[in-house]
Amino acid sequence: MDIAKTINLQRKFYESGATKDYAFRMKALETLKSGIVKYQKELETALHEDLGKSPIESYFAEIGITLKEITSMEKNLKKYMRVKKVRTSITDFPAKSFISPHPYGVTLVMSPWNYPVMLSICPLIGALAAGNTCIVKPSDYSVNTSKVIKDMITEIFPAEYVNVVTGGRQENQTLLDQKFDYIFFTGGKTVGRLIMEKAAKNLTPVSLELGGKSPCIVDKTATLKYAARRIAFGKFLNAGQTCVAPDYVLIHKSVKKEFLNHFKVALKETFGENPLESSLLGKIINEKHYNRLKSLMTNQDITIGGNFDDVKRKIEPTVLDNVKFDNIIMEDEIFGPILPILEYDDLEEAFKYINSNP
């Protein structure tokens, strides 16, 4: 695929004005919804091959959310497109003031591998509803899902309107060397910095949805049973490979023991006696990330879990106790099924630590 040629075709199509019409946008959303429904089984199979996701998880955490996003956009599209009157400053009297929404033009969506359907298609929904053309670049790590997305988009949309570019670093580099009118990226801070740098050359606006070391605080007033269940769900969904998953828990030391007891029960209720055999436990995306996560468990105080399966590339839900702020696992986002527990005495102490880090 000639990426530059594809972008030029999309720019010409956008400049024709076809994408700005309400009926055209609605038809695009309906076409996308029909395509997802048609390819649902293929998407579920690909998600299982890439990440070990069960059909249930694939639907409620990816496909279902995406379909709901389309339905919401269809319901509200007229409102989003409407010109809105706003108050005029006295200095501008007798003028009238209003906000008139307009599309950007040719947009780029770069998505990660951890939720490859939802994080590819949901930004696309916004781009099309707003009257843009779009190039979608899914991750080369989730190769099976990326292929299905490409097959689906190629079938339902012409390339001058929506196109999918697959591949790795070379394709990413080539895309970022082009001039886009808007870039939407979901991923990590390292690539996020690169995208901002590239976009700055053309003053291209960007949206960066980045992961990080999301803290979770459990204070002494918490209802520990519910806290344990909810943290376990949020942490170990998709084997911890979620950018907004709790990265670590800061817990008041007076309730830590009771919390961990509830946490063990919550894990058993979800994953059974042998989590590595559970269909609800996903697998790590590739060997590189799998080995990185295994190394983070070395020389740690493992109080729950700690077992792994090299063949299936699975790590059971693991809790590390007696973790200190200078522990190696506190340096970067974990992005896996490992949860460090840190004690605190004073809530302000916990806030001070959180606020001292990115």
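Predicted, not measured: the structure shown is a model, and the values here were computed from it.

Caption draft 1: View of the packing of aromatic side chains. The final tally for this structure, using the stated rule, is 11 aromatic pairs. Ring centres 5.1 Å apart and planes at 65° place the aromatic pair Phe 24 and Tyr 161 in the edge-to-face group. Of this pair, Phe 24 sits in helix α2 (residues 22-38) while Tyr 161 sits in the loop between α6 (143-156) and β5 (162-164); the two residues are 137 residues apart in sequence, bridging distant segments of the chain. With relative accessibility at 3%, the residue Tyr 161 sits in the buried group. Their ring planes at 25° and their centres at 6.3 Å tell us that Phe 60 and Phe 233 sit as a pair that is stacked. Here the residue Phe 60 occupies a position in helix α4 (residues 55-81), and Phe 233 occupies one in helix α9 (residues 224-236), the gap between them amounting to 173 residues. On the basis of relative accessible area, Phe 60 is assigned to the partly exposed category, the value being 38%. A connected cluster of aromatic rings, assembled from ring pairs, spans Phe 13, Phe 24, Phe 157 and Tyr 161.

Caption draft 2: View of the sheet that holds strand β13 (residues 318-320). Here we have five strands laid out as an open sheet, ordered β8-β9-β14-β13-β10, and mixed in their pairing. The sheet terminates laterally at β8 (215-218) and β10 (302-304), the two strands that pair on one side only. In this sheet, adjacent strand axes meet at a mean angle of 30° when their direction is disregarded. Here two bridges tie β10 to β13, and the two strands are oriented antiparallel to one another. Residue pairing across strands places Ile 304 opposite Val 319, the latter belonging to β13. Packed on one face of the sheet, α9 meets β8, β9 (248-252), β13 and β14 (338-344) and runs near 140° to β14.

Caption draft 3: Local environment of the sheet that holds strand β7 (residues 206-210). Overall, parallel pairing links the five strands, which are arranged β5-β4-β3-β6-β7 in an open sheet. One side of each edge strand has no neighbouring strand; the edge strands of this open sheet are β5 and β7. Taking the axes of each pair of neighbouring strands and ignoring which way they run, one obtains an average angle of 10° across the sheet. Docked against the sheet, helix α1 (residues 3-15) engages β3 (106-110), β4 (133-137) and β5, running at close to 150° with respect to β4.

Caption draft 4: Just the layout of surface pockets, in detail. When its volume is computed, the largest pocket comes out at roughly 1700 Å³. What lines the largest pocket is a set of 49 residues, among which Gly 187, Gly 188, Lys 189, Thr 190 and Val 191 lie closest to the centre. When contributions to the lining of the largest pocket are tallied by element, the ones reaching two or more residues are α7 (169-176), β6 (182-187), α8 (189-201), α11 (287-296) and α12 (347-355). Ranked by residues supplied to the lining of the largest pocket, first place goes to α11 with five residues. Its residues assigned to classes, the lining of the largest pocket shows 23 nonpolar, 16 polar and 10 charged. Roughly 450 Å³ of internal volume is contained in the second largest pocket. Lining of the second largest pocket is provided by 22 residues; of these, Tyr 104, Gly 126, Ala 127, Ala 130 and Asn 132 occupy positions nearest its centre. Taken together, the residues that form the lining of the second largest pocket break down as 16 nonpolar, four polar and two charged.

Caption draft 5: Broad picture of helix α10 (residues 256-271). Here α10 is 16 residues long and its end C-alpha atoms lie 22 Å apart, about the 22 Å a rise of 1.5 Å per residue gives. Listed in full, the buried residues belonging to α10 are Lys 256, Phe 259, Leu 260, Phe 263, Ala 266, Leu 267 and Phe 271. One side of α10 carries all its buried residues, which in axial view fall inside an arc of 120°. Away from its buried face, by an angle of more than 90 degrees, α10 presents the exposed residues Lys 257 and Glu 269. Immediately downstream of α10, the backbone of Gly 272 shows phi near 80°, a positive value.

Caption draft 6: Up close: the pairing of β3. Most of β3 is tucked away: five of the five residues are buried. Two elements, β3 and β4, share five bridges in a ladder whose sense is parallel. Within β4, the residue paired with Val 109 across the bridge is Val 136. In terms of handedness, the path from β3 via helix α5 (residues 118-129) over to β4 forms a crossover that is right-handed.

Caption draft 7: Spatial organisation of the packing of helix α3 (residues 40-51) against α4. Look at α3 against α4: their axes get within 9 Å of each other, and the N-to-C directions meet at 110°. As summarised for this structure, α3 and α4 are arranged roughly perpendicular, according to the angle between their axes. Residues Gln 40, Leu 43, Glu 44 and Leu 47 of α3 form the contact with α4, whose own contacting residues are Pro 55, Ser 58, Tyr 59, Glu 62 and Ile 63. Split into classes, the residues belonging to the contact of α3 with α4 amount to five nonpolar, two polar and two charged.

Caption draft 8: Representation of a positive patch on the surface. Side chains of Lys 75, Lys 78, Lys 79, Arg 82 and Lys 84 sit close together on the surface and give a patch of like positive charge. The dominant element in the positive patch, judged by the number of residues it contributes, is α4, at three residues. Structurally, Lys 84 can be placed in strand β1 (residues 84-86). According to the relative accessible area criterion, Lys 84 is partly exposed, its value standing at 46%.

So, how was this worked out
Residues numbered from 1 in each chain as written. Predicted model: local features only at pLDDT ≥ 70, side-chain atom pairs only at ≥ 80, totals over all residues. Heavy atoms only, no water. Phe/Tyr/Trp six-rings, centres within 6.5 Å; stacked < 30°, edge-to-face > 60°. Helix = DSSP H or I, 4+ residues; strand = E, 2+ residues; numbered from the N terminus. Buried < 20%, exposed > 50% of the residue type's maximum accessible area, 1.4 Å probe, protein only. Pairing = 2+ DSSP bridges. Axes fitted to C-alpha atoms, helices over the stretch in contact; angles between N-to-C directions. Contact = heavy atoms within 4.5 Å. 1 Å grid on protein atoms, 1.4 Å probe; cavity = no way out; pocket = protein on both sides within 12 Å on 5 of 7 lines; lining within 4 Å. Points joined across faces, edges and corners; volume = space filled by probe spheres on them. Nonpolar A, V, L, I, M, F, W, Y, C, P; charged D, E, K, R; others polar. Expected span 1.5 Å × (residues − 1). Arc of directions from axis to C-beta. Right-handed = clockwise from strand over helix to strand, strands pointing away. Parallel < 35°, antiparallel > 145°, perpendicular 65-115°, else oblique. Patch = residues over 30% accessible without salt bridge, like charges linked within 9 Å, V, L, I, M, F, W, Y side chains within 5 Å. Areas by Shrake-Rupley, 256 points an atom, 1.4 Å probe, with all protein chains shown as cover. Salt bridge = Lys/Arg side-chain N within 4 Å of Asp/Glu carboxyl O. Lys, Arg positive; Asp, Glu negative; His and termini not counted. Charge placed at Lys NZ, Arg CZ, Asp CG, Glu CD.

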